[in-house]
Amino acid sequence: MDKEIKFSWQDIIKYGVIGGIVALYVVLIGMVVTFKERYIIAETVNLGQIALFSPTFILAYFAANNARKLKSLIYAIVVGALVGAIVGVFVAALLVLASHVNMREVFLNVSPELLKILHFGQESLKGASLVIVGLNLIVGLVGGLFALAPRRWSNALLVGAALVTLMGILQELMSITFGTKDWYKPLGEFIYAKKGLSWGGTILFFVLGMLFSLWRSSPGLHPGARVAKLPPKQQQGVRIVSFLLGLAILVWLPKFLGSYPSEILTTVGIYVIMGLGLNIVVGFAGLLDLGYVAFFAIGAYTVGILTTTGKLATVGWNFWMALPVAIFLATMAGVILGIPVLKMRGDYLAIVTLGFGEIIRILVLSDWLKPYIGGAQGILQIPKPEILGYEFKGPQQIYYLVLIGILLVGYIAWRLRDARVGRAWKAMREDEDVAEAMGIHLVSTKLMAFATGAAFAGLSGAIFAAKLGSIFPHSFNLIVSINVLSLIIVGGIGSLPGVVVGALILVGLPELLREFADYRMLFYGALLVAMMLVKPEGFVPEKTHARELREQPLEPEVAPEAPAREAL
Amino acid sequence: MAEKRHSEYILETIHVTKQFGGLVAVKDLSIQVPHQSIYSVIGPNGAGKTTFFNCITGFYKVTEGDILLDGESIAGLRPDIIVKKGISRTYQNIRLFQNLTALENVMVGHHPRMKAGWLGAVLNTPATRQEEAATRKLAMELLEFVGLKGVEHELATNLPYGMQRRLEIARALASEPKLLLLDEPTAGMNPSETEEMTAFIDNLRKEMGITVLLIEHDMRVVMSISDTITVLDYGEKIAEGKPEEVRANPRVIEAYLGRGAATQHEAKAA
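Throughout what follows, the structure given in this document is the object of discussion. (Residues numbered from 1 in each chain as written. Chains lettered and ligands numbered in written order. Predicted model: local features only at pLDDT ≥ 70, side-chain atom pairs only at ≥ 80, totals over all residues. Heavy atoms only, no water.)

1. Structural notes on the packing of helix α7 (residues 151-169) of chain A against helix α10 (residues 199-217) of chain A
Residue and element names in this part refer to chain A.
Right, on to step 1. It is at 7 Å that the axes of α7 and α10 come closest, and there the two elements cross at 140°. Compared by their axis directions, α7 and α10 come out oblique. Two packed elements cross with a definite hand, and for α7 against α10 that hand is right-handed. Contact residues: α7 offers Arg 152, Trp 153, Asn 155, Ala 156, Leu 157, Val 159, Gly 160, Ala 161, Leu 163, Val 164 and Met 167, while α10 offers Thr 202, Phe 205, Phe 206, Leu 208, Gly 209, Met 210, Ser 213, Leu 214 and Ser 217.
Right, on to step 2. Its residues assigned to classes, the contact of α7 with α10 comprises 13 nonpolar, 6 polar and 1 charged. (Axes fitted to C-alpha atoms, helices over the stretch in contact; angles between N-to-C directions. Helix = DSSP H or I, 4+ residues; strand = E, 2+ residues; numbered from the N terminus. Parallel < 35°, antiparallel > 145°, perpendicular 65-115°, else oblique. Left-handed = near helix turned anticlockwise from the far one by under 90°. Contact = heavy atoms within 4.5 Å. Nonpolar A, V, L, I, M, F, W, Y, C, P; charged D, E, K, R; others polar.)

This is how it looks when you write it as structure tokens:
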């Protein structure tokens, strides 16, 4: 025992130093100052502080988790607190350094404002340093305790905290929403303070989040498990009812949320459609396509050219006539790209598709095509779609167009996944040679994947053009392809609900946090690295889904969490 | 599966040669496999057995010669066409679709016998539904036949070694083959597992009427179940015949044990 504790000194120092460096990084890139006005809980906790202290918490948690085998309460507390204190020393050292040297010459973000925040109201440098070390120590201690809590409870606490943070971030938007209608005004006033959540709102959402998580993880109450016990007829009934209920909420949502949040949801939805398409190519068929944005561009430009009433007006069709053409052309482009890359695998395929995406973008920008598609000036005056006198004019209306698109595309993807075609794709992903030896025609199966994915992107692009009313080449950068690929990975590769979750996190969240713009790529990078390390299967992995679909659970099955816990 | 036979032999290879650059992996190899027999191909490591399998299944194109399946030439056809015509195989180093369930693996095996396309799947037509249900049923039956009942929904990668071997056979059987190529089905098995597998292969022929072409290292397996054995060395056929004939053949002993052993054997016989 003695030996083990002695040995872990190294670990404590290691985790502390890592935490310290990350905390310094967060401070030096200016997150603490940028997010200081984003109050999560009124007058108490802002997002900058969360950014400052989360490295401490996470590393203290990991350090204590490693020591978990000892199962000693005191040990976890000591480890967590020590790690926290080391992180604190790093931040305090920055304060000391900044008071002697003018750090702004190198680090622009070490502003007087930052130093003032880091002083936490203390006058003297000594006092401030002590407070920083002390606060970090407490956070680390909590992180250590957290590692000791049973998995189910720590998960619940996390979900509660995440919900509070999310609702806090949403404050600005939701206050407007709550302000518009009389009957939920009091609710809004209860939940939100001037900035951030009120204490009442904080407790409400924390408890709600915890209860939800506990309900989901409780073996007796788990909704999926309970439904699975019902006779098939009733199971189907439950599914239909919950689907209709979900649909009703989705239909009602833009009316409740108002214009700006609907706009965000529409953008998220456009990415969901693309994600569902790329998920077929990458997730099902295992063909890494980095030029996916090309098909999105083809869909958007087709609608633009065929419907615009501006300078570049051609046939002046309406949206509904142009839509099938857009999807058709995108599909054809998918096949045309597919043919030369049939023999390529893995990295080679990625590079060629990457090139294809760039070719389309450069073509769009070129002088050669400028008379037809406007070059850098883009295509303007694309009319809004209209059906039976209903005009999809604003985000609240376009939202429905996107919703229909998602339902359609989601249905197709879901059908294909469990059909002969989907199995062929998955077999090809696992082992191309064997798939061929099992009678799968590689050429047609691959082309079908490319074509289906491209068709979805074409649809998405068409809606995108109609939504914006004007399109410019810079909307079709490589970064779009990367975003779509990232959201699939974060959601869980091959998983359909994962696409929605991934899009909400990677597209929705940055839209909500406008200050976030500068850190967007950082956030993506950090999230992807963290996902690969901690949860490589994504937030909503495909396999769990497959397990839920089982007709009857296997008797010898061990609870999936048990061995994982052992391993920790 | 009592189909009309067009030829006396289910499989016939006629002077098959496969060359990789300067290396001749299979040289002028002719074999004739009668219907519903168990035919083994043996030989030391690197004798060209697996290459020969790859030629038959279309994974390699033969350099010279022809391959006939029930009298019809299949040389030069793509692997997916050949499996449709009735040859399926397993691999020496198990090659399952690791992240698919056992059931899905077998259902993929039935792919060449299915028709449903993109549109059928999306519209969920009655024909597609029927086909899907029938495939599922067949796959379940095959899994039960190979003794994998109860693990249908496990991922292939999570199954123990012996089960993976049998799953691979079930997947091969799902394509309803006339001829099954097994590449060292008992590799890495302990004696009791090997015995079980031997009985299983014998059973395949008896119950399903399938012809088995077998590559095997374990002499006991080969000698106990084969009707005919062909011995390869350096890509060439050095002997062919019934187990007892092959066993006594000095060239075979030489290939396996070296020249000294062969002369000793001859001396003893004399």
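Moving on, there is more to tell.
2. Concerning the side chain of Gln 171 of chain A
All names here are of chain A.
Right, on to step 1. Mapped onto the elements, Gln 171 comes out in helix α8 (residues 171-180).
Right, on to step 2. Only 3.5 Å separates the side chain of Gln 171 from the backbone oxygen of Ala 193, close enough to count as a polar contact.
Right, on to step 3. Ignoring anything within four residues of it in the chain, the contact list for Gln 171 reads Tyr 192, Ala 193, Lys 194, Lys 195 and Gly 196. (Polar contact = N/O pair within 3.5 Å; in protein donor to acceptor, adjacent residues only side chain to side chain.)

3. Observations regarding the sheet that holds strand β1 (residues 9-20) of chain B
Residue and element names in this part refer to chain B.
Right, on to step 1. With respect to topology, 4 strands assemble into an open sheet ordered β2-β1-β4-β5, the strand pairing being antiparallel. Edge strands, defined here as strands with exactly one partner in the open sheet, are β2 (23-34) and β5 (72-73).
Right, on to step 2. Taken together, the 8 bridges between β1 and β2 define a ladder with antiparallel strand orientation. Within β2, the position partnered with Val 16 by the bridge is Leu 29. (Pairing = 2+ DSSP bridges.)

4. Examining the interface of chain A and chain B
Right, on to step 1. The interface is formed by 30 residues belonging to chain A together with 33 residues belonging to chain B.
Right, on to step 2. Buried area between chain A and chain B, both sides added, is near 3,200 Å², and the carbon and sulfur share of it is 59%.
Right, on to step 3. When residues of chain A are sorted by the area they lose upon contact with chain B, Arg 420, Arg 423 and Met 438 of chain A head the list and together hold 26% of the total.
Right, on to step 4. Our enumeration of links across chain A and chain B arrives at 4 salt bridges.
Right, on to step 5. Summed over the shared surface of chain A and chain B, the number is 13 residue pairs in polar contact (both at pLDDT 80 or more).
Right, on to step 6. Broken down by element, the residue count for the side of chain A that touches chain B peaks at 8 residues, all from helix α19 (residues 420-430) of chain A.
Right, on to step 7. The class makeup of the residues in the side of chain A that touches chain B is 14 nonpolar, 3 polar and 13 charged. (Buried area = accessible area lost by both parts, 1.4 Å probe. Salt bridge = Lys/Arg side-chain N within 4 Å of Asp/Glu carboxyl O.)

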